[in-house]
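Survey of secondary and tertiary structure
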Amino acid sequence: MKKIVMICLGILMGLSAFAAPTVEEILRKVESNGELKTDGTAKIVMTNQKADQGAKVTEAMYYRKDSDDSFLIIMLAPEADKGNGYLRVDDNMWMYRKNTRTFQHINRDESIGGSNAKSSDFEKRKLFELYKADVDKNGKEVVTEEMLGKIPCYKFNVIAKVNDVDYPKKTMYVEKENFITRRTLDYSLSGTLMQTSSFMQYTQIEGKWLAVKMLFVDEFEKGNKTLVEISNISTKKLDEKIFTKAYLENLSK
Amino acid sequence: MGLIFRLGLRNLLRQKRRNIMLGSSIAIGVMLLVMASSLSNGIIDVFFNKILSYAFGHVLVDVHEKGGANVQIFRDREYIINKIKETIPNDEIVTANESIGINARAVANGNAVSSVLVGMPYKESIIDNQTAEQQKEVMESFKILQGKWDDILRKDLPNPMIIPEEKANELDVKLHDNVNVRFQNIYGQWQSATLTVVAIIKTENSFMNAVMFIQASRLKELLGYKPYEMAPIQVNLKNVKLNGKKYADELHKKLHPEIANIFGIAKSGSKTADVNLLGFKGDEKSVKEIKKIITLTEGDAKESFAKSGVLMSKALAEEMGIKTGDTFDYTYKNKRGGNETTVNLKLSGIFTGTGSIPEKFILLNEEKFYSFYYENVPETAKGSYKPVKTDKFGALLATEWILLDRSKNSNDLMQKMKDFGKKKWKGTTVDVNSVYESASAAVMFADIINFILLIGVIVLFIIILVGLINTIRMTVRERTREIGTIRAVGMKKSDVRNMFLAETFLMTLFASAAGTVMAFIFMFLISLITFSNAGFISIFLVKKHIHFMPTVDGILINVLAVIIVTLLTAFIPARRAAKMQPSEALRHYE
């Protein structure tokens, strides 16, 4: 009898090892896999395509200090924006305008440069702190396994735990092997699909995964999409003086 | 005196051609003066009662939660409305409504446009004392081309919408077509909705062509407001010039907040305690002051007073058997719905207090405190501890909201908005403004237009007065012998002077009357002209016509001013004529 019980327990334990992880476990792993605990420098190129207009290419250099999550962005293109920049230190974020040589403090919920990005988007907040599993009518989490092209992924739905997130509902596709996000479907509060985000290419840096090619497709206004490419990545320690207004002003000259 | 006036009148009729020409130039001057002041009154009227009242209201209660520029929410709507009703007599109010609008992107039939979605309080105003004529004027400023106003209230459609003709053409939509919109709600979450066109309108004002209207209560819901929550409120007054600032000041005084005080149950394991929970101001200066009043007996100081700091009095911690690093639950009753809220807190520090500090209570950094306070407003705190704002400790505690100081003008207000991010308010800010502060730049602009028009007319008058002086001098010269004669038969110097002044007075009076009549005729004719494509200027027009607003007192003041100025102008030559020696005057030949 004891033997039978032991065998059954063993089978159960074996089965549980193969059971899908919970949504929170997946989110924590995704977060952990992407959490780079070093300073960082990268070049970002965004190609924005609108339905009735041509493509607009924006280039910027991004500097990040790990110790306090400060960052500095300096615009490299287009010519009209070249030399403008953004600096965040602690709770303060400023926008620098080269033409007027002035700094303007940005509120947390103000849009940046007329885009959909806000100051609060750059705050370091963990996925599992922002989202939780969206359960079915039986109160159960549903995590399924699906192929995204040739990549096996976990697919699940999450809803926001807090009010101040852009998309209150998401469907996430997370690669099974590496726990990196491959796709998200972002929904509005009323459940309309607003955006599909595809994380097409990753690179590994110091054991962590960093998305270097992402495509954001506007599902509400068809024909709009943005391609984001990250290159020239460096994790060299950065000088403190980089994260100052004086440096930003000097850099933009 | 009667004789002087009769003589003046007789003299006026003697040199008819000259006096008619001079009188005509005065009449034209008066006509332009009356038209200019009527036009500037009209522009100011449009500004205050159409543009500014729609855009800012005459008195505005503006609210922002936790320093969020776009998070315009106050969690107790009834409280503010009651304070408005207590402060402003009902018969002084024209309308009071919530100001609800959001930038949106609208998509239909493969077309996409940017727009502003505005909540229209159609038949659901907080206060509506508009006369039938005022209501008609409002409705007529949005001329219905297709559909009807009342369809915005339809319950069978989720979101009935009224759209300007220009927008409808851009989206290629007709009556009963659907338009999808996306926008960010008050929390910054993306929201989308399908709106159904129930009416197409033609607006008087080109700025209104960017606006799409849905029922205010529906838009509030889409934006994430609950029924008891409030967007900024605009109050429009009957007499804004007289009462605008006064009522804003009085309302401001009535909106002073109390200390935010929660009374509930702390629970750790099997141990519970009924206790007050308060927030402390987390800025550097306040924390420094608090440290003088409470002494940390356990816990790290940096962590205890940090953003997520949770402090407990020593007596309470001992009673509950908890130490720093432990977690406990705190449960309290909500003001609405009869529900309870439970928050799980991690203890950062334990303290003892001095002075009037009670033995047992919990203290949170305001950022932590407000993180649940506003979304779950507590019922009125019971409990033994009622902190007082004016005492040393009370002054360091978080209040129900933060009432900002009254702004002096638009620049002051703009600076206040710029400082929002820098000040990092953690609570809800409440700001009371009258139109004079919200739009002092616009008010100044109207005053400048007024000033420029008047300067133009004054310059013209100066030219006319030069002609007047010259004419009177010529008249005196021509009548020198006559003056000599009447002085010789006994007329006093003052009578001679007064006779000339009377002549000038009568000419100016008749000319002013004629000028006023001409002004009314021209204003009537000009106001008949329709300006169809006026562009920016259309904001100053009423139903595409120039809006003149003559006032009785304005006209009387203008006429009086002209008379006084002409009399002053005529005084010197008249006095010179009066001073002439009769013998010399009689010897005079032209």
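Residues numbered from 1 in each chain as written. Chains lettered and ligands numbered in written order. Predicted model: local features only at pLDDT ≥ 70, side-chain atom pairs only at ≥ 80, totals over all residues. Heavy atoms only, no water.

What follows covers the overall build of chain B. In terms of helices and strands, chain B carries 18 helices and 21 strands. Its C-alpha atoms give chain B principal-axis dimensions of about 125 × 65 × 35 Å. Counting only residues that meet the buried cut, chain B has 50% of its 590 residues in that class. Nonlocal contacts in chain B, meaning residues at least 24 apart in sequence, comprise 80% of its contacts between residues at least 6 apart. Of the roughly 28,200 Å² of accessible surface on chain B, 57% is carried by carbon and sulfur atoms. A distance of 9 Å separates the average location of the 75 positive side-chain charges in chain B from that of its 60 negative side-chain charges. (Helix = DSSP H or I, 4+ residues; strand = E, 2+ residues; numbered from the N terminus. Buried < 20%, exposed > 50% of the residue type's maximum accessible area, 1.4 Å probe, protein only. Contact = heavy atoms within 4.5 Å. Areas by Shrake-Rupley, 256 points an atom, 1.4 Å probe, with all protein chains shown as cover. Lys, Arg positive; Asp, Glu negative; His and termini not counted. Charge placed at Lys NZ, Arg CZ, Asp CG, Glu CD.)

Residue and element names in this part refer to chain B. Among the structural elements, Glu437 can be located in helix H13 (residues 435-438). A residue is classified by how much of its surface remains accessible, and Glu437, at 1% relative accessible area, is buried. Here the side chain of Glu437 touches Arg406 through a polar contact of 2.5 Å, side chain to side chain. Residues contacting Glu437, with those up to four places away along its chain left out, are Lys245, Arg406, Ser407, Lys408, Asn409, Ser410, Leu413 and Val432. (Polar contact = N/O pair within 3.5 Å; in protein donor to acceptor, adjacent residues only side chain to side chain.)

Residue and element names in this part refer to chain B. In spatial order, the strands read S14-S18-S15-S19-S13-S12-S16-S17; together these eight strands make up an open sheet with mixed pairing. Here the strands that pair on one side only, and so sit at the sheet edges, are strand S14 (294-299) and strand S17 (340-346). Put simply, the sheet's adjacent strands are angled 35° from each other on average, direction ignored. Pairing of S14 with strand S18 (residues 349-353), which is carried by five bridges, proceeds in the antiparallel orientation. Directly across from Thr295, in S18, lies its bridge partner Thr352. Of the strands in this sheet, strand S13 (271-280), S14 and S18 touch helix H8 (residues 284-293), which is tilted by about 85° from S14. The sheet contacts of helix H11 (residues 366-373) involve strand S12 (261-268), S13, strand S16 (327-333), S17 and strand S19 (361-365), and relative to S19 the element is tilted by about 100°. (Pairing = 2+ DSSP bridges. Axes fitted to C-alpha atoms, helices over the stretch in contact; angles between N-to-C directions.)

Time to look at the packing of helix H15 (residues 480-488) of chain B against helix H16 (residues 493-527) of chain B. Residue and element names in this part refer to chain B. Packing of H15 against H16 brings their axes to within 10 Å, and their N-to-C directions diverge by 140°. The orientation of H15 with respect to H16, classified from their angle, is oblique. At the point where H15 passes H16, the crossing takes the right-handed sense. The residues of H16 that touch H15, namely those facing Ile483, Ile486 and Arg487, are Lys493, Val496, Met499 and Phe500. Tallied by class, the residues present in the contact of H15 with H16 amount to five nonpolar, no polar and two charged. (Parallel < 35°, antiparallel > 145°, perpendicular 65-115°, else oblique. Left-handed = near helix turned anticlockwise from the far one by under 90°. Nonpolar A, V, L, I, M, F, W, Y, C, P; charged D, E, K, R; others polar.)

Below, the discussion takes up the pattern of salt bridges. Enumeration according to the criterion identifies 36 salt bridges over all chains in this entry. The partner of Arg101 of chain A in a salt bridge is Glu249 of chain A, and the shortest N-O contact between them spans 3.7 Å. Of this pair, Arg101 of chain A sits in the loop between strand S5 (92-97) and strand S6 (102-105) while Glu249 of chain A sits in helix H4 (residues 245-251), and the two are 148 residues apart along the sequence. Judged by its relative accessible area of 52%, Arg101 of chain A is exposed. When the shortest N-O distance is used, the salt bridge between Arg182 of chain A and Glu175 of chain A registers 2.7 Å. Residues participating in the shared-partner salt-bridge network are Asp218 and Glu221 of chain A together with Arg105 and Arg182 of chain B. (Salt bridge = Lys/Arg side-chain N within 4 Å of Asp/Glu carboxyl O.)

Now for empty space enclosed by the protein. Residue and element names in this part refer to chain B. For the structure on display, the rule yields two cavities of 30 Å³ or more. In this model, the largest cavity occupies a volume close to 120 Å³. Around the largest cavity, the lining is made up of 14 residues, and of these Asn19, Ile472, Thr475, Glu503 and Met507 lie nearest the centre. Broken down by secondary-structure element, the contributors of at least two residues to the lining of the largest cavity are helix H2 (16-55), helix H14 (440-478) and H16. Looking at the lining of the largest cavity, its residues break down into six nonpolar, five polar and three charged. (1 Å grid on protein atoms, 1.4 Å probe; cavity = no way out; pocket = protein on both sides within 12 Å on 5 of 7 lines; lining within 4 Å. Points joined across faces, edges and corners; volume = space filled by probe spheres on them.)

Time to look at the pairing of strand S12 (residues 193-205) of chain A. All names here are of chain A. With five bridges joining them, strand S11 (residues 181-187) and S12 adopt antiparallel strand pairing. What sits directly across from Tyr187, in S12, is Leu193. In this antiparallel pair of consecutive strands, S11 and S12, the connection spans five residues, and Gly191 shows a positive phi of 90°. Summarising the sheet, S12 and strand S13 (residues 208-218) pair through ten bridges and their orientation is antiparallel. Residue Thr196 lies in a different strand from S13, and its bridge partner there is Val217. Counted between consecutive antiparallel strands, the loop separating S12 from S13 contains two residues, among which Glu206 sits at a positive phi close to 50°.

What follows is about unusual backbone geometry. Residue Ala77 of chain A is joined to Pro78 of chain A through a cis peptide bond whose omega torsion reads 0°. By secondary structure assignment, the location of Pro78 of chain A is in the loop between strand S3 (70-77) and strand S4 (85-89). Positive phi outside glycine occurs at Asp172 of chain B, with the angle close to 60°. Mapping Asp172 of chain B onto the fold places it in the loop between helix H5 (165-171) and strand S8 (178-184).

Turning our eyes to something else, we now look at the confidence of the model for chain A. All names here are of chain A. With 85% of its residues at a pLDDT of 70 or more, chain A has an overall mean of 85. Mean pLDDT across the elements of chain A bottoms out in helix H1 (residues 2-18) (47) and peaks in S11 (97). Considering only residues more than four positions removed or in separate chains, one finds that residues 3-10, a stretch of pLDDT under 50, has zero contacts. A low-confidence stretch, residues 12-17 (pLDDT under 50), is modelled with zero contacts involving residues beyond four sequence positions or located in other chains. (pLDDT = per-residue confidence, 0-100.)

Turning next to the interface of chain A and chain B. Residue-level contacts link 22 residues of chain A with 25 residues of chain B. With both sides pooled, the region where chain A packs onto chain B buries about 2,100 Å², and carbon together with sulfur makes up 46% of that total. Our count for the chain A to chain B interface comes out at three salt bridges. For the pair chain A and chain B, the number of links is ten residue pairs in polar contact (both at pLDDT 80 or more). The residue makeup of the side of chain A that touches chain B, split by class, is seven nonpolar, eight polar and seven charged. (Buried area = accessible area lost by both parts, 1.4 Å probe.)

Our next topic: the packing of aromatic side chains. Between two aromatic rings, the relevant description is the distance of the centres plus the angle of the planes. All names here are of chain B. Per the counting criterion, the structure on display carries 20 aromatic pairs over all chains. Seen in terms of ring centroids, Phe74 and Trp401 are 5.3 Å apart; in terms of plane orientation they differ by 70°. Their pairing is edge-to-face. Here Phe74, found in the loop between strand S1 (59-65) and helix H3 (77-87), pairs with Trp401, found in the loop between H11 and strand S20 (402-403); they are 327 residues apart in sequence, far enough to count as distant. Of the two residues, Phe74 and Trp401, both sit in the buried class. Ring plane angle 25° and centroid distance 6.0 Å describe the contact between Tyr122 and Trp149, whose orientation is recorded as stacked. (Phe/Tyr/Trp six-rings, centres within 6.5 Å; stacked < 30°, edge-to-face > 60°.)

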